[in-house]
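Fold and geometry: a report
Now for the letters of each chain:
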Amino acid sequence: MRKSRHYIFMTALLWAVALVAGTQRAAAQGDAMLTQYWAVPTYYNPAAAGDTDNIRLRGGMRAQWIGIDNAPRTFVGAADTPFKFLGKKWGAGVVIQQESYGLFRNLTANAQIGYKHKALKGEFTAALQVGFFNEQFKGSEVYIPDDDDYHQSTDNALPNRDVAGNALDLGIGVYYVGKRFKAGLSLLHANNPSVTFSDENGTQGSGEVSDSGDGTAKKYQFTAPRTLYFNAEGNIPIKNTLFELLPSVLIRSDFTFTDVAATVRARYNKMFSAGIGYRYGDAVSLMLGAELKGIFIGYSYDYHLSDIAKASSGSHEIFAGYNLKLDFSEKNRNKHKSIRIM
C-alpha cells in the first residue's frame, strides 16, 4: 500500500511541475511500443489493412514493468480484410486500444480504409484512419500525505475528481507489399488531438472551464503527439529447408524523441517461430509463436537494460488471433467458406 501511495504521490507531483498557471499542458502517453509489432501492423499503419488475402483478427495485452505498481498496461484489438469494390482492390480495418498508466487512462478506436494499386512488382496502399481519442485522469485517487511539508492535500493545481474528454483522431499511411518485402510509412494522431479538462471547480468535460474562485480559469490539456512510424519486414527462405528468416524493424518518432526496435525471427514450415529483438536503450526480447489452421498465438518477454530493471522483473506480451483465407479469383467469387463450419 505504501508503494502504491508513493507512486500516486509522484504522479501528482509530476502534474504540479508540468502544469503551470494559465493554459497548462501535459503530453499524454502515445501508442505503445509493442515487442510483437509485426503481429499487428495495422496498429501502426492504417495502410497495412488488407496486406494479405486474409480476414485477420488479432487481440493481445502488454504488461509492462512487472513488479512496479500502476505500471502501464495495454490492450489492443485489431481486425482487417481486403475487399473488391468497383473493380478495384481495397483494404479496411478497425483498431481499438485501451491503456492505463498511473492515474491516466486512454482509449482509442479507429476505422481504416485504403486503396490498393499494383506497381513495381508489388502492391501499394494509401490509407486514411479516422477515430476518436479519449483521455481520463483519476483525480479522485490523488494521494498527498497530510504531513508533507511542501504540498497540501487540497493543492488546487490538481483536479480532485475524475475527469475525461474526447477528441477527433486522424491518421494516414502508405504501404508497399512485394514478394519478399513489406515496408510502410505512417503519421498517426496527425491532427494532434487534444483533450481539455476544467479545474476542480469547473465543469467536467472537454473544453469547458469556469472561474476557479480567484478570477483565473485553469485548463489541463492532454495531447496525443503527432507520431511518425516507419516499418519494414523481410522474408528470406533458407535454401533446401523448411526454415525462413523474418527480419523486421520499427522506427517511431514524435519529432522530439525517436525509438528503434529490430527483430529477427526464424519460422519453420510457416507454423512455428522463435526470435530475438532489441529496442534501442530499453530492452532485449525473446519471442515464440505458432500458427496452426489459421489460429495464431504469440508470446514475448522483455528484459530491460535501463535502471528500471532494478525494480522490475521485465515485461510480457501475449497475442492471439485468427486468419481466414480469401480467394479473389473469378472462378471462386462468393465461394468463401463460412467460419461457422470450419
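Residues numbered from 1 in each chain as written. Predicted model: local features only at pLDDT ≥ 70, side-chain atom pairs only at ≥ 80, totals over all residues. Heavy atoms only, no water.

1. Brief notes about the overall build of the chain
So the rule is basically this: Numbering goes from the N terminus for both helices and strands, where a helix is a DSSP run of H or I of at least four residues and a strand is a run of E of at least two. Relative accessible area decides the class of each residue, using a 1.4 Å probe on protein chains only: under 20% of the type maximum gives buried, over 50% gives exposed, and in between gives partly exposed. When checking whether two residues touch, look at their non-hydrogen atoms; a contact exists if any pair is within 4.5 Å. Reported accessibility uses the Shrake-Rupley method at a 1.4 Å probe radius. Residues are deemed covered only where the shown protein chains occlude them.
Each helix and strand counted, the chain has 1 helix and 18 strands in total. By the burial criterion, 44% of the 342 residues in the chain qualify as buried. In the chain, the share of contacts with a sequence separation of at least 24, taken over all contacts with a separation of at least 6, comes to 57%. Accessible area of the chain: about 17700 Å², with a carbon and sulfur share of 61%.

2. Some details on the pattern of salt bridges
How we decide: Salt bridge, as used here, is a side-chain nitrogen of Lys or Arg placed within 4 Å of a carboxyl oxygen of Asp or Glu.
Summed over the entire model, instances satisfying the criterion amount to 15 salt bridges. Among the ionic pairs, R56 bridges to D80, the shortest N-O distance being 2.8 Å. With R56 in strand β2 (residues 54-63) and D80 in strand β3 (residues 73-85), the pair connects residues that are 24 residues apart, well separated along the chain. Of the residues examined, R56 reaches a relative accessible area of 8% and is grouped as buried.

3. A look at the packing of aromatic side chains
Aromatic ring pairs are reported here in terms of the distance separating the ring centres and the angle at which the planes meet. Note the cut-off: Two aromatic rings, drawn from Phe, Tyr or Trp (for Trp, its six-membered ring), form a pair once their centres lie within 6.5 Å of each other, and the interplanar angle then sorts them: stacked below 30 degrees, edge-to-face above 60, tilted otherwise. We count a charge as sitting over a ring when the NZ of a lysine or the CZ of an arginine lies within 6 Å of the ring centre and within 35 degrees of the ring normal.
Within the structure shown, the criterion is met by 9 aromatic pairs. For the pair W38 and F296, a centre-to-centre distance of 6.4 Å together with 90° between the ring planes defines the contact as edge-to-face. Here F296 lies in strand β17 (residues 295-304) and W38 lies in the loop between β1 (23-27) and β2, a separation of 258 residues in the sequence. Looking at F296, the relative accessible area reads 6%, which means it is buried. A centroid spacing of 5.5 Å and a plane angle of 10° characterise the contact between Y101 and F104, whose relative ring orientation is stacked. Like Y101, the residue F104 is buried in the burial classification. Through a chain of ring-to-ring contacts, three or more aromatic side chains come together here, namely Y101, F104, F137 and F222. Positioned above the aromatic ring of F296, the side-chain terminus of R58 is 4.3 Å from the ring centre.

4. What to know about unusual backbone geometry
The backbone phi angle of L86 is positive, close to 55°, even though this residue is not glycine. Of note, L86 is situated in the loop between β3 and β4 (88-101). Overall, L86 belongs to the exposed group, its relative accessible area being 70%. With phi around 50°, N192 is a residue other than glycine that occupies positive phi space. One can find N192 in the loop between β8 (181-188) and β9 (194-198).

5. Here we look at the pairing of strand β11 (residues 227-234)
The test is simple: A pair of strands is treated as paired once DSSP finds two or more bridges between them.
With 8 bridges connecting them, β8 and β11 associate as antiparallel partners. By the bridge assignment, K182 is partnered in β11 with E233. One ladder, built from 6 bridges, connects β11 with strand β13 (residues 243-253); its direction is antiparallel. Opposite L228, over in β13, you have S253 as the bridge partner.

6. A few points about the side chain of R252
The condition that has to hold: Here a polar contact means two N or O atoms within 3.5 Å. Within protein one must be a hydrogen donor candidate and the other an acceptor candidate, and residues neighboring in sequence count only if both atoms are side-chain atoms.
With respect to the helices, strands and loops of the structure, R252 is situated in strand β13. A polar atom in the side chain of R252 sits 2.5 Å from the backbone oxygen of D31. Of the polar contacts made by the side chain of R252, one reaches the side chain of D259; its length is 2.7 Å. Those residues within four positions of R252 in sequence are excluded, and the remaining contacts are D31, A32, M33, T227, L228, Y229, F257, T258 and D259.

7. Side note on the nonpolar core
Using the following cut-off: For our purposes a nonpolar core is just a set of buried Ala, Val, Leu, Ile, Met, Phe, Trp, Tyr and Cys residues, chained together by side-chain atoms within 4.5 Å.
Among the nonpolar cores identified, the biggest contains 19 residues, and L34, Y37, W38, Y43, Y44, L250 and F319 are the most heavily contacted of them. For L34, the residues in contact, after removing those within four places along its chain, are V40, Y43, Y44, R62, V76, E317 and F319. With 12 residues, the next largest nonpolar core counts Y101, F104, F197 and F222 among its residues.

8. Some words on a nonpolar patch on the surface
Spelled out, the test is: Each patch is built from residues lacking any salt bridge and having more than 30% relative accessible area; the joining distance is 9 Å for like charges and 5 Å for nonpolar side chains (Val, Leu, Ile, Met, Phe, Trp, Tyr).
On the surface, I236, I238, L242, F243, L245, V264, Y268, F272, I276, L286 and L292 cluster together into a nonpolar patch covering about 970 Å² of accessible area. Mapped by element, the contributors of at least two residues to the nonpolar patch are β13, β14 (258-268), β15 (272-279) and β16 (283-292). Positionally, I276 belongs in strand β15.

9. Section: the environment of T223
As for its placement among the helices and strands, T223 is situated in strand β10 (residues 219-223). Along the chain, T223 and E135 lie 88 residues apart, while their C-alpha atoms are 9.0 Å from each other. Of note is the side chain of T223, whose polar atom sits 2.9 Å from the side chain of S194.

10. Thoughts on the confidence of the model for the chain
When pLDDT drops low, the exact placement of atoms in the prediction is not to be read closely. The line we're drawing: Every residue is assigned a pLDDT by the predictor, reflecting its confidence on a scale from 0 to 100.
When the pLDDT values of the chain are averaged, the result is 83; 75% of them are 70 or greater. Low pLDDT (under 50) marks residues 1-28, which in the prediction has 58 contacts with non-local residues, meaning those over four places away or in another chain. Taken together, the stretch residues 338-342 has pLDDT below 50 and engages in 4 contacts with residues farther than four places along the chain or on a different chain.

11. Some details on the pairing of β4
Examined bridge by bridge, β3 and β4 share 13 bridges and lie antiparallel to one another. When the sheet's bridge partners are listed, V76 is paired in β4 with Q97. Between β3 and β4, which pair antiparallel in sequence order, lie 2 residues; one of them, L86, sits at a positive phi of approximately 55°. Bridge count for β4 against strand β5 (residues 104-119) is 12 bridges, and the pairing is antiparallel. In the strand pairing of β5, W90 is matched with Y115.

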